[in-house]
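# Descriptive structure summary
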Amino acid sequence: MPCLESMESGRAPPPPPPPAAPAAAPGTEETLHRETVAATPMDTGWFFSPLWSPRSKARSRFGDSVKSEAWLDDHSDFTRAYFLRRASVVSGPQPEMSPQLPRVRRNSSDHADLPMKGHPRRGSSPSNSSHLNISFLTDRLKPLASNLNATERIKPQCRSATKAPACGIGECCPWMMELLQGGLSLMGSVAELCHGAVLHTGELLAAEAGSLSLVKKDSSGRNILEAVIAPAALGCLSEDDLCSSAHLELVRSIMGCVLATESPMNLRDVSEDPRFDFDDDQSSNIRTVLSVPIKSHRGEVVGVVVMINKRNGCDGSASVFTNMDEKVLSNHMDVLGMVLDNVQLYESSRQEAKRSQALIEMAKVLSEEHHSFEVLLSRMASTIMPFTHAQYCTIFIPSEQTSDVEEEVSFSRVIHLECEELGSTCQVYRRQRDIRDIDPSYALRTLVAMKTLNMSESSGESVKSMICCPVRNEQSEDVIAVCQLMNKRSKDSDEMEAFNRYDERLLEDLAVYCGLALQYAQAVQITEERRASIEVTQEVLAYHITAAEQEIQALQEATIPSAESLSILDFHFSDSSLAEDLTSQATVRMFLDLNLVQDFNIDYKSLCQWVLTVRRGYRNSVPYHNWNHALSTAQSMFAMLMAADQLKIIFSRLEILALMIATLNHDLDHRGVSNSYIERSQQPLAQLYGHSSLENHHYNLCLFILNNTGSQILSGLSTEDHRAVLHMIKRAILSTDLAVYMERRKEFFSLTKKNRVSWKSEKQRDLLRSMLMTASDLSAITKPWPEQKRIANLVAMEFFAQGDKERQEFKIKPIDIMNRENSTRLPYMQVEYIDDICYPLYKAVSRLFDTCSPLLNGCKKNREKWLQLAEKREEENSENSRTLNLETLKDSKEDTQREE
């Protein structure tokens, strides 16, 4: 962009050369402790941290000659017109347009190709151009040359001995071209860039002093100005003339007005402006002031520049800043704001990449297994320290008993780390420190306020910086720790500096991960405690559920009666006919007659202990689902296996073993209520399993007994057979849930209607095992009538008890079979139960295996008995209804006679 310091009348300003595209990122890699971390793109805290090492040509951000040539190649029309105009320029030496920069090694991870966006006109909407439109900026300045009167044309001023390079409409501005084509690499940090801008524009405008401040956010989110270039003497004024508190306050007031109005301010006589209060000393030093805002391409104010005291003319006359001076300064600041905005975009992306790297590193640490909670936090803290350049990192763990009163808050322990820089690397050490050796005052303030604390203290030449951040529990929102960083080292020197907003963000990220680590450690501790509690509970349960040694020895030494004498081969077997000792002996006889003890090398004493332990696993207080029902179910399965030779061919020896174990254990620890009641009452079983709660509980308790010392009847199996038999046991026990039976029976009924069924498929055999489990479970409906009637009353007693609980606890009316008010309808409900559930199943089983037909016959006979009872009840109800009607009519007739 041309500077309007001198013009030649009638000469049109030539357009400047195109801007170079952004150059490659630094070619030299920095070590971890040298990296700078990023603020958000809208955060201006980045202005106040060094972005580049001064005078490092290899760290160019804005392009090189190769990039310039690439741009010219892509804009051939502009290139031709430009060089034709440049060839016509005959006056004055030409500035060096593209300084030759050293070749740099490109790094694919750097963000050197960020586009530089064009800056819009002040007061207009931002330009949509994605690159710096130099011709657009030149067009903005063209009207200025033709509209100036003779007095406003800038005349040569009295210069100092060191004269700046020419900067006029006929030639390109060397400062801008250096800035846009790689000169920023020579200026170093943002502060040095701003200093160069103030010197250049101050020389152009013949100002005696200049100052520049950039906008940043304070803790409350408001925009404030922070001086980057304090009022600096450029001419006749000395530094002492500007460094008084009164002068500094006046300059801050002027900048504050410009920031608030976002408009330029040209004061031709400061003493006459009522907005500012000053004394005579100030008026003698500060007379005229020109201040303009520095805006980004989005129109946001990112800074304010002030020029003080236009130098007197050569004739000694007092000078004021003209409208042309204001436009020249504004246009220079447009370019500066645009460059700062692009620098911010690049730096933000670079720092965000580093922040992401830090977060990934912390996530990796968190995902690793750590045996010590302190080691986990130490690893995470040591990961963040190189990014923030902190010398110390301390994590304070509060005591369990805390109060909202600061004096009563205390910390129980600390984790303290120190960072030591060794040349190009840094080493983090964990130091053993007592809580009394570390100042906890700032951490206590953070703990009470529950907010991040960032502060720095200066004492002489040393700076002590500190930042504290609370670590919260995401669930309870309580502060469970405080992270503290101290003494931030400058990346370019050993001096200390303050932590910026970006450091706050990194520490807050660390606090989040520390919170997760603390919760993880607490969860692990709780899990370990619960695991230990479960082991203790299982130990107690194993002790109480295991039969006494004398009882085991008695069964082991007893002579087991034959199956015929125990009647366990008969489908009409009744468990009530056996004494308690004989029930255990009958179970052992089943395993002996099926040759399971011999085939699977089952230790006989272990078998005896297992049978007695399973018997003790049933609750005697439950009317129906108790040990007798388990024995009856196992006996029905045993009778079918012994009667149907075809079943012994279909099933393997392992499957038969699984079926016998499953039938004996299928209702272990039954509570006398259904799955629906358990789910409705939100019992732990429902929370633990979700569906088929009782059946899953039965299997898990079965597995617990099988693994109990002394009851391990499966210890002789290979690993593969052991896994297979447990899978079949689980499938068999879960199939006793009537909901599962109703889902699978249609497939089974269709299978039985085929002329011939091949049972080689595991899926079909699993279906057959499932149906035989249900047939054994419901076998009470096939027993002789006296036994069936007795068992039906036990079932009704259990069901009505559940119905009473539902009515009392849930205030609902139970279903018919559990409603005590329907006790007289028991025969009707039994007939419905046989027709809907039992009869189709036994009909299908008998169709497959003729020897199992006694089950179907017994079911039919009991249906007839229940139907007869239902008809009898109906007749009784009819007679009672007629008798009630006669009595009612008789009473009504007597009342009528008395009235007459």
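Please refer to the structure placed before this passage.
Now for a look at the structure at hand. (Residues numbered from 1 in each chain as written. Predicted model: local features only at pLDDT ≥ 70, side-chain atom pairs only at ≥ 80, totals over all residues. Heavy atoms only, no water.)

## Observations concerning the overall build of the protein chain
In plain terms, the rule: Numbered from the N terminus, helices here are DSSP runs of H or I no shorter than four residues, and strands are runs of E no shorter than two. Using a 1.4 Å probe on the protein chains alone, a residue whose accessible area is under 20% of its type maximum counts as buried, one over 50% counts as exposed, and one in between counts as partly exposed. Only heavy atoms matter for contacts: two residues are in contact if any of them lie within 4.5 Å across the pair. Each accessible area is a Shrake-Rupley estimate made with a 1.4 Å probe; only the visible protein chains count as cover when residues are assessed.
For the protein chain, the helix and strand inventory stands at 29 helices and twelve strands. Expressed as a percentage of its 900 residues, the buried residues of the protein chain come to 49%. Considering only contacts within the protein chain whose residues lie at least 6 apart along the sequence, 71% involve residues at least 24 apart. Summed over its atoms, the accessible surface of the protein chain is roughly 43,300 Å², and 49% of this surface lies on carbon and sulfur atoms.

## Quick look at the environment of Asn601
Here Asn601 shows up in the loop between helix H16 (596-599) and helix H17 (604-616). Judged by relative accessible area, which is 61%, Asn601 ranks as exposed. The spatial distance from the C-alpha of Asn601 to the C-alpha of Ile713 is 8.6 Å, given a sequence separation of 112 residues.

## Structural notes on the environment of Asp835
In plain terms, the rule: Each polar contact in these results corresponds to two N or O atoms within 3.5 Å; when the atoms are within protein, one needs to be able to donate a hydrogen and the other to accept it, and residues that are neighboring in sequence are counted only if both atoms are side-chain atoms.
Residue position: Asp835 is located in helix H28 (residues 826-848). Using a relative accessible area of 32% as the deciding quantity, one classes Asp835 as partly exposed. Considered as a pair, Asp835 and Arg863 are 28 residues apart in the sequence and their alpha carbons are 8.4 Å apart. Engagement of the side chain of Asp835 in a polar contact is seen with the side chain of Arg863, the distance being 2.6 Å.

## Section: the packing of helix H5 (residues 190-204) against helix H9 (residues 323-367)
Condition: To obtain an axis, a line is fitted to C-alpha atoms, over the contacting stretch when the element is a helix, and the angle between two such axes runs from 0 to 180 degrees between their N-to-C directions. Geometric relationships in this document are graded by angle, where less than 35 degrees denotes roughly parallel, more than 145 denotes roughly antiparallel, 65 to 115 denotes roughly perpendicular, and other angles denote oblique. Under this grouping Gly is polar, as are all residues other than the nonpolar Ala, Val, Leu, Ile, Met, Phe, Trp, Tyr, Cys and Pro and the charged Asp, Glu, Lys and Arg.
The contact between H5 and H9 brings their axes to 10 Å, and the two run at 170 degrees. Viewed along their axes, H5 and H9 adopt a mutual orientation that is roughly antiparallel. For the pair formed by H5 and H9, the contact residues are Val190, Leu193, Ala197, His200, Thr201 and Leu204 on the first element and Val328, Leu329, His332, Met333, Leu336, Val339, Leu340 and Val343 on the second. Of the residues belonging to the contact of H5 with H9, the class tally is eleven nonpolar, three polar and no charged.

## So, a positive patch on the surface
Rules: Think of a patch as exposed residues, more than 30% relative accessible area, with no salt bridge, where like charges cluster within 9 Å and nonpolar side chains (Val, Leu, Ile, Met, Phe, Trp, Tyr) cluster within 5 Å. By definition, a salt bridge exists where a carboxyl oxygen of Asp or Glu is found within 4 Å of a side-chain nitrogen of Lys or Arg. Charge convention: Lys and Arg are scored as positive, Asp and Glu as negative, and His as well as the terminal groups of each chain are ignored. For this purpose, a charge sits on NZ of Lys, CZ of Arg, CG of Asp or CD of Glu.
Residues Lys753, Lys843, Arg847 and Lys860 make up a contiguous surface patch of positive charge. In this fold, Lys843 is placed in helix H28.

## Thoughts on the nonpolar core
Basically, it comes down to this: By nonpolar core is meant a set of buried Ala, Val, Leu, Ile, Met, Phe, Trp, Tyr and Cys residues that side-chain atoms within 4.5 Å join together.
Phe591, Trp610, Met660, Ile729 and Phe748 are the most contacted members of the largest nonpolar core, which has 97 residues in total. Not counting residues within four places of it along the chain, the set of residues in contact with Met660 comprises Met590, Phe591, Leu594, Leu596, Ala634, Met637, Phe638 and Leu641. Met362, Ala381, Val428 and Phe499 belong to the second-largest nonpolar core, a separate cluster that totals 38 residues.

## Thoughts on the packing of aromatic side chains
Using the following cut-off: Pairing of aromatic rings covers Phe, Tyr and Trp, the last through its six-membered ring, and needs centres within 6.5 Å; plane angles under 30 degrees mean stacked, over 60 mean edge-to-face, and all others mean tilted.
Here the structure, examined in full by the defined rule, presents six aromatic pairs. Their ring planes at 70 degrees and their centres at 5.7 Å tell us that Phe591 and Trp610 sit as a pair that is edge-to-face. Here Trp610 lies in helix H17 and Phe591 lies in helix H15 (residues 580-593), a separation of 19 residues in the sequence. You'll find Phe591 and Trp610 in the same group, each marked buried. On the numbers, 4.9 Å between centres and 75 degrees between planes, the contact of Trp785 with Trp866 is edge-to-face. Here Trp785, found in helix H27 (residues 785-809), pairs with Trp866, found in helix H29 (residues 853-899); they are 81 residues apart in sequence, far enough to count as distant.

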